[in-house]
Amino acid sequence: MNVAIIGCGAIARKRHAPALSKYEGACFYGVCDPVRENADELAETYHVKAFYDLGTLLSCKEVDAVIICTPERFHMANVIEALRAGKHVLCEKPLALNAGQAEEIVKEWKKTDRMLMVAFSQRTYKVHTMAKQLIREGKIGKPVFFRTNLTQKGVEYTTLAGNQPDFYDKYLKNIGGALLSVGCHRIDLVDYLFDAHIEEVQAFTPTIDKSYADGKKIDAEDHALINAKLSNGLAGLIWISWCNYGEAENETIVYGTNGTLKTFEGKGIRICYKDGSTEEYDTLADHDEYQNITINFLDALTKNEAVIADGLDGCRCMQVIDAVKKSNASGCWVLVDSKAEN
Ligand SMILES: NC(=O)c1ccc[n+]([C@@H]2O[C@H](COP(=O)([O-])OP(=O)(O)OC[C@H]3O[C@@H](n4cnc5c(N)ncnc54)[C@H](O)[C@@H]3O)[C@@H](O)[C@H]2O)c1
């Protein structure tokens, strides 16, 4: 099984390349990036081939699968081209820029027998797999409400380009706003944790602080407050932000009839029961959890294991984000349009 990485930026370097290079059942075949230095640097580090053109890489018969780590704007074109070339695909999140694009991808994917996985890495963290299990087991009784936060200081602090005064002038069109970069993770996590779908949303998605070099606010949300109603009757609040310049927040709180479960508390998960007692669960992993998603993809390819999130999960998330944007524009509750699943 030969696997190549497309897009040689921060996420490729920090997560996928180290995981792929260590994986015993697959061969790290090569990397591709139109910025030659980026491709060359990663290729040299791992002693693999460098490509500068996607078509050339995809025409290699030896390549079985690709991991797409390009900025958001290029996901649709790259995923479709890779699927048409007969490759299995792991696409970094989000699957696309909007639901229309994601539905187009799903249509193309369904014409193939290839695997399409989306890198919703937060599904693989022990703190979340354990929280899901505890909720399912009824530890907190019946969930009645939830609140979940994913807030950090902005994407300019995480990409290869790095923080610079004209970051958003140069890159906003490639990455989109906070909903695409961090919102998609949390929207997806809600479906995952509660075995349900977000069906209806009411949202406020302002631009609070991020600006272009001339001080004008960016043309995208840097913050989102989303009220969500789920298919299982549960409701909750999702808080997304690029404007938290302190410690990043990741926590989810689930309020149940028998107590409250909090992630990223104490040893990892703390439950405070109705009777005043508390219980903690250790969610410290014995390895670098950031690489779980790559390992899951490679296990799916080589050991026939299920992927943790597929093209439909990626598409559903985009449909929720579209509904969130519509709700912000109208000020009303908006139903999530899930036509790609019909
Ligand atoms: N799963 C996660 O938790 C997580 C975390 C960070 C980033 N990401 C996602 O990973 C993707 C990449 O983010 P990043 O931080 O590595 O960005 P980055 O800007 O650091 O790197 C992107 C790389 O892609 C290259 N590129 C641009 N267009 C290309 C094309 N058409 N073909 C091939 N390469 C191309 C760029 O030259 C650059 O080297 C984004 O979709 C981002 O949302 C996911």
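Residues numbered from 1 in each chain as written. Predicted model: local features only at pLDDT ≥ 70, side-chain atom pairs only at ≥ 80, totals over all residues. Heavy atoms only, no water.

Interface size is commonly expressed as the accessible surface area that is lost when the partners come together. Here the protein is described as being made up of domain 1 (2–121) and domain 2 (126–284). Distance between the C-alpha centres of domain 1 and domain 2: 26 Å. Summing the contributions of domain 1 and of domain 2, the shared interface buries around 1100 Å²; its carbon and sulfur component is 62%. The largest contributions to the domain 1 side of the interface with domain 2 come from Arg 73, Lys 93 and Phe 120, which together make up 41% of the buried area. One can count 3 residue pairs in polar contact (both at pLDDT 80 or more) joining domain 1 with domain 2. No other element matches the 3 residues that helix α1 (residues 10–22) contributes to the side of domain 1 that touches domain 2. (Domains from an automatic or database assignment. Buried area = accessible area lost by both parts, 1.4 Å probe. Polar contact = N/O pair within 3.5 Å; in protein donor to acceptor, adjacent residues only side chain to side chain. Helix = DSSP H or I, 4+ residues; strand = E, 2+ residues; numbered from the N terminus.)

The next point concerns the site of the ligand. Near the ligand there are 24 residues, and of these Ile 11, Arg 15, Asp 33, Glu 72 and Leu 160 occur at the shortest range. Take Arg 15: an N or O atom from its side chain is 2.9 Å from an oxygen atom of the ligand. Between the ligand and the protein, one listed contact pairs an oxygen atom with a side-chain N or O atom of Glu 72 at 2.6 Å. A total of 850 Å² of accessible area belongs to the ligand in isolation, and the protein chains cover 84% of it. Counting residues per element, the shell around the ligand draws most heavily on α1, which supplies 3 residues. There are two domains that each give the shell around the ligand at least three residues, and those are domain 1 (2–121) and domain 2 (126–284). (Near = heavy atom within 4 Å. Areas by Shrake-Rupley, 256 points an atom, 1.4 Å probe, with all protein chains shown as cover.)

With that settled, consider the packing of aromatic side chains. Enumeration over the complete set of coordinates arrives at 8 aromatic pairs. Summarising the aromatic geometry, the rings of Tyr 29 and Phe 51 are spaced 6.4 Å apart at their centres and angled 20° between planes, so their arrangement reads as stacked. Highlighted residues: Tyr 29 in strand β2 (residues 27–32) and Phe 51 in strand β3 (residues 49–51), separated in sequence by 22 residues. Taking relative accessible area as the criterion, Phe 51 reaches 10% and is therefore assigned buried. Relative to Tyr 255, the ring of Phe 145 has its centre 6.1 Å away and its plane inclined at 45°; by these criteria the two rings are tilted. Of this pair, Phe 145 sits in strand β7 (residues 143–151) while Tyr 255 sits in strand β11 (residues 252–256), and the two are 110 residues apart along the sequence. The exposure class assigned to Tyr 255 is partly exposed, which follows from its relative accessible area of 26%. In textbook terms, an aromatic cluster arises when at least three aromatic residues are bridged by ring pairs, as seen for Phe 167, Tyr 168, Tyr 171 and Trp 242. It is Arg 36 that lies over the ring of Tyr 52; its NZ or CZ is 3.8 Å from the centre. Between the NZ or CZ atom of Lys 132 and the centre of the ring of Tyr 192, over which it lies, the distance is 4.3 Å. (Phe/Tyr/Trp six-rings, centres within 6.5 Å; stacked < 30°, edge-to-face > 60°. Buried < 20%, exposed > 50% of the residue type's maximum accessible area, 1.4 Å probe, protein only. Lys NZ or Arg CZ within 6 Å of the ring centre and 35° of its normal.)

This part covers unusual backbone geometry. In this structure, Pro 94 follows Lys 93 across a cis peptide bond, with omega equal to -15°. Considering the arrangement of structural elements, one finds Pro 94 in the loop between β5 (88–91) and α5 (99–110). Of note in this structure, Asp 195 is not a glycine but carries a positive phi near 50°. Structurally, Asp 195 is set in the loop between α8 (178–194) and β8 (198–204). Phi is positive for Phe 264, which is not a glycine, with a value near 60°.

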